[in-house]
Amino acid sequence: MFNGRPPNSIKVYWLSEFADKFEIWMAKRASIVSSPDSLSFSLYLVWPVEEAEEGRMEIKQKGEGLVFYTNWFPEEEFALEIFTSPDQERLVLLCHYERETIFFHLTH
């Protein structure tokens, strides 16, 4: 997945209408594990500055598209839209789920 090399940086921007808040999460570089059909990582809250448990996410190939899973909603699967830069060095994944909007920003 991702041309066989894991990204150097993963940021997750989570906009929640349920909680009326915006969060920025960042993957722990050492936790990023890439395989031919998946990418998994642990992440920590960057903003707002407050106590929060680490999260765990996995992005998987499903058919022609991508989905993600998180330990925050263990029974759910979230479809992702894919946007890439012309040089393929940056990737943005977008998910709309009910009143949540989630962006993944991956860079090589």
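Preceding block: the structure.
Basis of the calculations
Residues numbered from 1 in each chain as written. Predicted model: local features only at pLDDT ≥ 70, side-chain atom pairs only at ≥ 80, totals over all residues. Heavy atoms only, no water. Helix = DSSP H or I, 4+ residues; strand = E, 2+ residues; numbered from the N terminus. Rg over C-alpha atoms; globule rule 2.2 N^0.38 Å. Contact = heavy atoms within 4.5 Å. Lys, Arg positive; Asp, Glu negative; His and termini not counted. Charge placed at Lys NZ, Arg CZ, Asp CG, Glu CD. Buried < 20%, exposed > 50% of the residue type's maximum accessible area, 1.4 Å probe, protein only. Pairing = 2+ DSSP bridges. Polar contact = N/O pair within 3.5 Å; in protein donor to acceptor, adjacent residues only side chain to side chain.

**A short note on the overall build of the protein**
Turning to step 1, where the next piece is worked out: A count of helices and strands for the protein gives zero helices and nine strands.
Turning to step 2, where the next piece is worked out: Listed N to C, the secondary structure of the protein is β-β-β-β-β-β-β-β-β in terms of helices and strands.
Turning to step 3, where the next piece is worked out: Relative to the 2.2 N^0.38 estimate, which gives 13 Å for 108 residues, the radius of gyration of the protein is 13 Å and therefore close to what a compact globule would have.
Turning to step 4, where the next piece is worked out: Principal axes of the C-alpha set define a box for the protein whose edges measure 35 × 30 × 25 Å.
Turning to step 5, where the next piece is worked out: Restricting the contact set of the protein to residue pairs at least 6 apart, pairs at least 24 apart contribute 37%.
Turning to step 6, where the next piece is worked out: Charge-centre separation for the protein: the mean point of 10 positive side chains lies 7 Å from the mean point of 18 negative side chains.

**Overview of the pairing of strand 4 (residues 38-47)**
Turning to step 1, where the next piece is worked out: Within strand 4, seven of the ten residues are buried, which leaves it mostly tucked inside the rest of the structure.
Turning to step 2, where the next piece is worked out: Pairing geometry for strand 2 (residues 21-27) and strand 4, over four bridges, is antiparallel. From the neighbouring strand, Ala-27 faces strand 4, where its bridge partner is Leu-43.
Turning to step 3, where the next piece is worked out: As paired strands, strand 3 (residues 33-35) and strand 4 are joined by three bridges and run antiparallel to one another.

**So, the side chain of Ser-85**
Turning to step 1, where the next piece is worked out: Structurally, Ser-85 can be placed in the loop between strand 7 (78-84) and strand 8 (90-97).
Turning to step 2, where the next piece is worked out: A distance of 3.4 Å separates a polar atom in the side chain of Ser-85 from the backbone nitrogen of Glu-89.

**Structural notes on the pairing of strand 8**
Turning to step 1, where the next piece is worked out: Direction of pairing for strand 7 relative to strand 8: antiparallel, over a ladder of four bridges. The partner of Glu-81 across the bridge, within strand 8, is Leu-94.
Turning to step 2, where the next piece is worked out: Between strand 7 and the antiparallel strand that follows it, strand 8, lie five residues; Gln-88 among them carries a positive phi value of about 65°.
Turning to step 3, where the next piece is worked out: Where strand 8 lies against strand 9 (residues 100-107), eight bridges are found, and the strand directions are antiparallel. The partner of Leu-94 across the bridge, within strand 9, is Phe-103.
Turning to step 4, where the next piece is worked out: Hairpin remark: strand 8 followed by strand 9, antiparallel, with two residues in the connecting loop; positive phi at Glu-98, about 50°.

Keep in mind these values describe shape, not function.
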